[in-house]
Amino acid sequence: MDNTEEFFWGASISATQTEGFHRYNFRGVSIWDEFLKKRKIDTSGIEFSSCDFVKHYEQDILKLKSLGFQHFRFSISWAHIQPLGEGMFNNLAVKYYKNVILFCKKNNIEPWITLYHWDLPENLEKLGGWSNRLILHYFEMYVKQIYQTFGTEVKNWIVLNEPSVFTAAGYLLGIHAPGKKGLKNYLPALHHSVLAQSIGINYLKKYPQNYVGTSLHFGDIAPYSKNRFDQKAANQVHTLMNRMFLEPLLGMGYPKNLRSFYKRLSVHIRPGDDKLMQCKPDFIGAQIYTRHFIKYNPIQPYLKVKVIKPKKLQLETTAMGWENYPNAVGNVLNWLSIYENLPEIVITENGIALEDEMNGNEILDNTRIEYLEHALNCIKIARQNQIPVRGYFVWSLLDNFEWMELFRPRFGIIYVDFKTKVRTIKHSGYWLKNYIKENLKM
Ligand code: BGC
């Protein structure tokens, strides 16, 4: 690894999670507004404006800068900027996002924009959302318009955030917006998001100054036992979670080892899609949090697998119920390094959720410090081993709306009081500041 090059130190947030549910700037209705309504969650309370980032972005960017970060990753909410998912952009929202970008630039902070972090305009969901191939047309129009609006100021682009998660949770299991279930919704959503990734990448890469990628969720998948059924089950989950979205980006097409799954998926693949899937991202955004133990389960309908909860295995867990396992970062990076045609890697999310509490006016989050120290050490080793990791973005700059977990798990290095909106830098934030200073180039 040539460590004379700049290493990106940054922090990440997303729009819905920090802007919350208030309809600022005549924001349109997104699938998350509708999904929470269906689940009878009243989003009108003060805490549902989350961090109220719309009104506090200046102080948040200044805090990020004071901690030594030079990069800031945030998303544009599709429903905020284009309320109906097509047509003219909402001028008030354009002005707001432009102000955020300009404020970053004024403070020498590089903005990284995620184009889609899960907030589809409800109007497009009414047409079937990601399950309807028409989404490709709307998404392409949206990407072009975003670039035409912000392209002179922004050069770092992340096309999608974790398509494996928003398609599986939102269109297969029904536990995230839009709450749909079943393979008939999931398989087309999966294929369309793979195509959308490359459509977005190819468009943005037409402009040579851009640095373009997309962010994928990677889990460290482990078999529950050495038994060959568990091994096979783990391998299947690994394919689905880790390889399905990555390999098309590397020009390899879909993995074909899940034969019956692939057969069903191919119903949605049209002639010419192989070509449409071709793209050359500058980087893969890797989002790594934990390890998952997988067991064979003959009664589960699709893959015959079961995820064994870490608590059951008496492992230390986080506020998400995930295993506190920072080594996942090292294991995933080692696995990624087996791909010969791998582009640069930027860790676009990594962090840990705790139930942080104020202690006087401090937040003593030692568990987070330990987790981060381990994870960062894995990155250091990976770089020594020539794995091309170019940057690290902690998740998250701020405590925020954690989807269906609402506000309980806190991922931030900055604590947010959701009632008063007061921010307090946690001990982990100060710790990271020091770490960055001492490891600028990693
Ligand atoms: C998502 C974030 C989320 C985080 C922790 C990632 O899957 O991109 O929006 O807050 O994980 O759950």
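Residues numbered from 1 in each chain as written. Predicted model: local features only at pLDDT ≥ 70, side-chain atom pairs only at ≥ 80, totals over all residues. Heavy atoms only, no water.

Engineer: Honestly, the overall build of the protein chain in this entry has me stumped. Any pointers?
Structural biologist: For the protein chain, the count of helices and strands is 16 helices and eleven strands. Taken over C-alpha atoms, the radius of gyration comes to 21 Å for the protein chain, in line with the 22 Å a tight globule of 442 residues would show. If one aligns the C-alpha atoms of the protein chain with their principal axes, the spans along those axes are about 55 × 50 × 50 Å. Out of the 442 residues in the protein chain, the part that is buried amounts to 62%. On the protein chain, roughly 18,100 Å² of surface is accessible, and the fraction owed to carbon and sulfur atoms is 52%. Once the 54 positive and 42 negative side-chain charges of the protein chain are each reduced to a mean point, those two points are 6 Å apart. (Helix = DSSP H or I, 4+ residues; strand = E, 2+ residues; numbered from the N terminus. Rg over C-alpha atoms; globule rule 2.2 N^0.38 Å. Buried < 20%, exposed > 50% of the residue type's maximum accessible area, 1.4 Å probe, protein only. Areas by Shrake-Rupley, 256 points an atom, 1.4 Å probe, with all protein chains shown as cover. Lys, Arg positive; Asp, Glu negative; His and termini not counted. Charge placed at Lys NZ, Arg CZ, Asp CG, Glu CD.)

Engineer: How should I be thinking about helix α5 (residues 91-106) in this particular structure?
Structural biologist: The periodicity of an α-helix, 3.6 residues per turn, causes residues three or four positions apart to be oriented the same way. Over its 16 residues, α5 extends 22 Å from the first C-alpha to the last, a length consistent with the 22 Å expected when each residue adds 1.5 Å. All buried positions along α5 are accounted for by A93, V94, Y96, Y97, V100, I101, F103 and C104. On the buried face of α5, the contacting elements are α1 (15-19), α3 (53-66), β2 (71-75), α4 (78-81), β3 (110-116) and α7 (135-150). N-capping of α5 is provided by N90, with a side-chain oxygen placed 3.0 Å from the backbone N of L92. Looking one or two residues beyond α5, the residue adopting positive phi is N108, at roughly 55°. (Expected span 1.5 Å × (residues − 1). Contact = heavy atoms within 4.5 Å. Polar contact = N/O pair within 3.5 Å; in protein donor to acceptor, adjacent residues only side chain to side chain.)

Engineer: What is the right way to read unusual backbone geometry from this model?
Structural biologist: Across the chain, the bulk of peptide bonds are trans and the bulk of non-glycine residues have phi less than zero. Note the cis peptide between A177 and P178, where omega equals 5°. The topology assignment puts P178 in the loop between α8 (163-171) and α9 (183-204). Of note, the bond from W395 into S396 is cis; its omega dihedral lies within 30 degrees of zero at 15°. The topology assignment puts S396 in the loop between β9 (389-395) and β10 (414-416). We note that E162 has phi near 45°; this positive angle belongs to a residue other than glycine. Judged by relative accessible area, E162 falls into the buried class, the value being 5%. Its identity as a non-glycine residue notwithstanding, W403 has a phi of 50°, on the positive side. Among the structural elements, W403 can be located in the loop between β9 and β10.

Engineer: Sorry, what's going on with the layout of surface pockets here?
Structural biologist: In this structure, the largest pocket spans a volume of roughly 1,600 Å³. For the largest pocket, the lining is made up of 47 residues, of which V165, L173, I175, M241 and H292 are closest to its centre. Elements supplying a minimum of two residues to the lining of the largest pocket: α8, α9, α10 (228-243), β6 (283-296) and β7 (305-308). Of all the elements, β6 adds the most residues to the lining of the largest pocket, at six residues. Taken together, the residues of the lining of the largest pocket sort by class into 29 nonpolar, ten polar and eight charged. Put simply, the second largest pocket is a space of about 370 Å³. Lining of the second largest pocket is provided by 17 residues; of these, Q236, L258, S260, Y302 and L303 occupy positions nearest its centre. Within the residue set of the lining of the second largest pocket, elements represented by two or more residues are α10 and α12 (259-266). Ranked by residues supplied to the lining of the second largest pocket, first place goes to α10 with five residues. Its residues placed into classes, the lining of the second largest pocket shows nine nonpolar, four polar and four charged. (1 Å grid on protein atoms, 1.4 Å probe; cavity = no way out; pocket = protein on both sides within 12 Å on 5 of 7 lines; lining within 4 Å. Points joined across faces, edges and corners; volume = space filled by probe spheres on them. Nonpolar A, V, L, I, M, F, W, Y, C, P; charged D, E, K, R; others polar.)

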